[in-house]
Amino acid sequence: MKEAFKKLGCMIRRDHLSKTSIVTCAMFLAGAGVAGLVTGALLPWSMAGLIFSGVLAGAFVACEERSMRRMKDADMGYWHQGGIGYFMHLQGPGRSVAVVVKTQKLLERALKKYARETAVPPEAMKRLEPYVRDAQEAGRAVKAVVPNTPIELPTFEFVRTYFNAAGGKEKEMIAAIDLPHAPPPWELEKLRREAEERQRAADELLQRKLRLETEERHQRIVDDILQGTSGAVTVRALRLKPKSALSQ
């Protein structure tokens, strides 16, 4: 039950706590409080403000959920990963893609205050681990592809922006999740050739072993012929019967 509440809290913070929704609901509550003070009916107006704010928050949640379910292709722009830069798209079920994208944005916001530090404090990363685990679950159905190529990436790296010693902005990988992917054609061809090489080497080894066994067997036969046998050999004389008179 505790884990379920933690997961719900992570989902609300990641997916639905936007500045627009918070400011709008706060304005409704403040307006209701001011109206209650002016009219002298603070309780009714406060209740009305809470009710309208709840309805408004529910509307924001519904709209956000609808938007997330439509996010089946997210353009991540020019992305650096594994020391290589390329344009990248995340594709898959809408909500799964949205969870990965929103996790990246949440990590950026949460770690913005450490932009002047070259390393993120371990306690800060520990607080963010539940969000990375949720993204890993969502990432089981998400693919990271490079447009107009057959390349699918095996991982997605979450990054943060920080300032180096010279004052320039740099990206640092802070977490990564595994993604389902299909190797590109050239990688499949490489794997096929490696498998053929291994099979060829195994066949050659087997042939060499059989040839050595055959040579050893032949050598033993030759040695036995040259050295003779230790057993005694008995030779019996043949008796020829005289020819009968009839045959003569």
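Here the structure is a predicted model, which means the values were calculated and not measured. (Residues numbered from 1 in each chain as written. Predicted model: local features only at pLDDT ≥ 70, side-chain atom pairs only at ≥ 80, totals over all residues. Heavy atoms only, no water.)

A. Spotlight on unusual backbone geometry. The backbone phi angle of Asn148 is positive, close to 65°, even though this residue is not glycine. Using a relative accessible area of 85% as the deciding quantity, one classes Asn148 as exposed. (Buried < 20%, exposed > 50% of the residue type's maximum accessible area, 1.4 Å probe, protein only.)

B. A look at the pairing of strand 6 (residues 169-178). Across nine bridges, strand 5 (residues 155-163) lies against strand 6 in antiparallel orientation. Opposite Phe156, over in strand 6, you have Ile177 as the bridge partner. Here strand 5 folds back onto strand 6, and the loop between the two strands holds five residues, one of which, Gly167, carries a positive phi near 90°. (Pairing = 2+ DSSP bridges. Helix = DSSP H or I, 4+ residues; strand = E, 2+ residues; numbered from the N terminus.)

C. Molecular detail of the side chain of Asp134. Structurally, Asp134 is set in helix 5 (residues 122-138). Beyond its immediate sequence surroundings of up to four residues, Asp134 is in contact with Lys7, Cys10, Arg14 and Val99. (Contact = heavy atoms within 4.5 Å.)

D. Structural context of the sheet that holds strand 4 (residues 152-153). In spatial order, the strands read 1-2-3-4; together these four strands make up an open sheet with antiparallel pairing. At either margin of the open sheet sits one strand with a lone partner, and together these are strand 1 (73-81) and strand 4. Note that strand 1 and strand 2 (residues 84-91) share seven bridges and pair antiparallel. Residue pairing across strands places Asp75 opposite His89, the latter belonging to strand 2.

E. Layout of the environment of Asp75. Mapping Asp75 onto the fold places it in strand 1. When neighbours within four sequence positions are excluded, Asp75 is seen to be in contact with Met88 and His89. A polar contact is formed between the side chain of Asp75 and the backbone nitrogen of Gly77, at a distance of 2.9 Å. Only 3.4 Å separates the side chain of Asp75 from the side chain of His89, close enough to count as a polar contact. (Polar contact = N/O pair within 3.5 Å; in protein donor to acceptor, adjacent residues only side chain to side chain.)

F. Region of interest: the pairing of strand 2. Taking the residues between adjacent antiparallel strands as the criterion, strand 1 and strand 2 are bridged by two residues, where Gly82 takes a positive phi near 65°. Across three bridges, the pairing between strand 2 and strand 3 (residues 143-145) is antiparallel. Across the sheet, His89 pairs through a bridge with Val145, a residue of strand 3.

G. The packing of aromatic side chains, seen in detail. Tallied over the full model, the rule gives three aromatic pairs. Taking 5.5 Å as the distance between ring centres and 25° as the angle between the ring planes, the aromatic pair formed by Trp79 and Phe156 counts as stacked. Of the two residues, Trp79 sits in strand 1 while Phe156 sits in strand 5, which places them 77 residues apart along the sequence. Across this residue pair, the class does not change: Trp79 and Phe156 are buried. Judged by centre distance (5.1 Å) and plane angle (80°), the rings of Phe156 and Phe158 are edge-to-face. (Phe/Tyr/Trp six-rings, centres within 6.5 Å; stacked < 30°, edge-to-face > 60°.)

H. Focus on helix 5. Relative to the 24 Å expected for 17 residues at 1.5 Å per residue, helix 5 spans 24 Å between its end C-alpha atoms, a close match to the ideal helical length. Along helix 5, the sharpest kink reaches roughly 40°, centred on Leu128 and followed within four residues by the proline Pro130. Listing the buried residues of helix 5 in full gives Ala124, Met125, Leu128, Tyr131, Val132, Asp134, Ala135 and Ala138. (Expected span 1.5 Å × (residues − 1). Bend = angle between axes of the 7 residues up to and from the residue.)

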